[in-house]
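In case you want the letters, here they are:
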Amino acid sequence: MTEPVGGLSHLGFSEFFAIQLADAKEGLVPARVVGQHRRQWDVMDEAGVRRASLAGRLWDPEKGSVLDLGQPTVGDWVLLRDSEQELPVIESILERRTSLVRAAGGRQRQVLVANVDFVAIVVAFTRPQSSDASARRSLQLRRIERYVAGVRQGGAEPLVVLNKADLVEAPWERAETVKARLGDVQVVPTHCKSHEGIASLTALLAPGQTIGFVGLSGVGKSSLVNLMSGSDHQRTASERTADARGRHTTTHRALFETPGGIWLIDTPGMREFALADASTEDLQAFSDIATCAERCRFRDCEHRREPGCAVREAVEAGTLSLDRVSNYQTLLEELKQDEKSKTTARGQRLRRGRPPTSPDEWDDD
Ligand code: GDP
Ligand code: ZN
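Just so it is clear, the model here is predicted, and its values are computed rather than measured.

Asks: Just give me the short version of the coordination of the zinc ion (ligand 2), but keep the residues and values in it.
Replies: Within the protein, the atoms that donate to the zinc ion (ligand 2) are Cys296 (SG), Cys301 (SG), His303 (ND1) and Cys309 (SG), at distances of 2.1 to 2.4 Å. The site at the zinc ion (ligand 2) holds four donor atoms, and with the angles between them running 102 to 117°, its shape is tetrahedral. Taken in chain order, the donor set of the zinc ion (ligand 2) reads C-x4-C-x1-H-x5-C.

Asks: Describe the confidence of the model for the protein chain, and please don't skip the residues or the numbers.
Replies: When pLDDT is averaged across the protein chain, the result is 79; 74% of the residues are at 70 or more. In the model, residues 237–251 has pLDDT below 50 throughout and makes 13 contacts with residues more than four positions away in sequence or in other chains. Contacts from residues 345–365, a stretch scored under 50 in pLDDT, to residues over four places away or in other chains number 64 contacts.

Asks: Requested: an account of the sheet that holds strand 12 (residues 186–189), with residues and values cited.
Replies: As summarised here, the arrangement of the six strands in space is 12-11-10-13-15-14, forming an open sheet in which the pairing is mixed. Strands at the two margins of the open sheet, each flanked by one partner only, are strand 12 and strand 14 (255–257). Sheet twist, expressed as the mean angle between neighbouring strand axes with direction ignored, is 25°. The pairing of strand 10 (residues 118–124) with strand 13 (residues 210–214) spans four bridges and is parallel. Bridged to Ala120 within strand 13 is Phe213. Sheet contacts for helix 3 (residues 171–182): strand 11 (157–163) and strand 12; angle to strand 12, the most-contacted strand, approximately 160°.

Asks: Could you give an account of the sheet that holds strand 6 (residues 77–81), with specific residues and numbers?
Replies: Strand order in the closed barrel formed by five strands is 1-2-3-7-6, and the pairing between neighbours is mixed. Pairs of neighbouring strands in the sheet enclose a mean axial angle of 55°, with direction left out of account. Here strand 3 (residues 48–54) runs beside strand 7 (residues 89–93); their pairing, made up of two bridges, is parallel. Counted as the bridge partner of Leu54 is Ile90 from strand 7.

Asks: Account for the pattern of salt bridges, with residues named and values stated.
Replies: Using the criterion set out here, one finds eleven salt bridges in the structure. Across the pair Glu302 and Arg304 runs a salt bridge, and its minimum N-O distance is 3.9 Å. Here Arg304 falls in the partly exposed class, since its relative accessible area comes to 40%. Three or more residues joined by partner-sharing salt bridges are found here, namely Glu145, Arg181, Asp288, Asp323 and Arg324.

Asks: Residues and numbers for the packing of aromatic side chains, please.
Replies: For the structure on display, the rule yields four aromatic pairs. Pairing Phe13 with Trp77 gives two aromatic rings, centres 4.7 Å apart and planes at 70°, and the pair type is edge-to-face. Within this pair, whereas Phe13 is found in the segment before helix 1 (15–18), its partner Trp77 is found in strand 6, the two being separated by 64 residues in sequence. Residues Phe13 and Trp77 agree in their burial class; the two are buried. Measuring from centroid to centroid gives 6.1 Å for Phe17 and Trp77, while their planes differ by 40°, and the two rings are tilted.

Thresholds applied
- Residues numbered from 1 in each chain as written.
- Chains lettered and ligands numbered in written order.
- Predicted model: local features only at pLDDT ≥ 70, side-chain atom pairs only at ≥ 80, totals over all residues.
- Heavy atoms only, no water.
- Donors = N, O, S within 2.8 Å, 3.2 Å for Na, K, Ca; no water.
- Tetrahedral: all angles 85-135°; square planar, octahedral: opposite > 155°, others 65-115°.
- pLDDT = per-residue confidence, 0-100.
- Contact = heavy atoms within 4.5 Å.
- Pairing = 2+ DSSP bridges.
- Helix = DSSP H or I, 4+ residues; strand = E, 2+ residues; numbered from the N terminus.
- Axes fitted to C-alpha atoms, helices over the stretch in contact; angles between N-to-C directions.
- Salt bridge = Lys/Arg side-chain N within 4 Å of Asp/Glu carboxyl O.
- Buried < 20%, exposed > 50% of the residue type's maximum accessible area, 1.4 Å probe, protein only.
- Phe/Tyr/Trp six-rings, centres within 6.5 Å; stacked < 30°, edge-to-face > 60°.

Structure (structure tokens):
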């Protein structure tokens with residue numbers, strides 16, 4: 001089976017997916033998942049958006065989707081049977097080019113978004129106030145670093161969006177401080193009301209590319225998506241609370257196009273984001289610490305109290321930040337936990353990715 005890439009390329013279809021069609025059964029056609037419901041998905045192809053369901057044999061009442069890749073996720077390319085019918089059937093998920101996977105405290109892994117080129121890690125400036133401002137800033141930096149590592153691990157490129165730039169003086173200077181700490185990551189301050197920074201953000205993306213927005217609830221993800229796509233697709237937090245009950249039945253559309261042909265994926269707010277499946281090499285945001293650690297006397301040095309620890313020495317000499325080192329240690333600890341979970345039965349079940357039974361389960365808030 002061969003399908004020209006051309007017609008779907010503006011939707012993000014590329015050679016990577018086209019070659020997977022070679023093994024596909026006759027009569028199946030690709031479409032992209034743009035929204036998610038309890039047991040159905042909104043899918044899009046050249047003909048537009050339709051509702052689709054998962055083939056009955058691929059659904060287990062207890063486990064949900066029994067596909068190796070778990071359940072279809074926004075951004076996925078799926079193969080449809082009966083694509084002309086009112087409710088076409090999803091027969092398989094094409095291998096993901098990139099994904100952002102979350103392992104949230106003790107719960108199953110979730111693929112938050114699939115096949116994104118970029119992930120915008122959105123954080124919001126807060127009004128400078130109390131004495132613990134610097135502690136909060138450092139916590140926020142740790143959170144950003146954690147996301148950066150997770151995004152790279154899934155194969156996408158991280159961007160940091162510092163929204164609500166109106167709440168602080170000199171946001172671009174602050175952005176520089178964040179950039180200095182993160183190294184090779186674009187950092188863009190934005191202000192949704194004045195549209196400041198939106199053009200800089202859009203300029204980083206090319207037509208046909210997809211960008212996912214992640215971050216805590218209330219930082220302005222929906223506002224950014226609305227602004228970039230030029231319409232009010234996504235209801236912002238205040239509108240959502242107004243009909244908090246009603247939203248269980250409302251459409252959960254999550255992928256939108258900008259006038260310039262860029263695809264935006266909004267994700268529900270998250271409280272925590274634990275790394276899944278990361279390996280030590282994936283902690284690229286900490287490559288300087290890793291390099292330094294090569295000079296530690298012990299190969300398995302945990303940089304706590306071991307003699308001859310080059311990392312501790314660098315902290316004392318002021319060349320490494322203590323805060324970053326402890327964040328690095330936390331991430332390494334999580335990696336070990338994740339490794340452990342892979343070898344236990346429960347961990348393996350979790351790793352199969354039983355999906356949430358409703359879209360609302362995705363929302364931690
Ligand atoms: P989400 O939960 O991340 O999708 O956040 P929303 O887009 O719903 O925004 C949360 C709240 O922040 C809303 O009341 C927005 O009006 C407000 N907001 C969004 N962007 C900005 C901004 O740049 N500056 C300020 N001051 N408020 C903003
Ligand atoms: Zn050490």
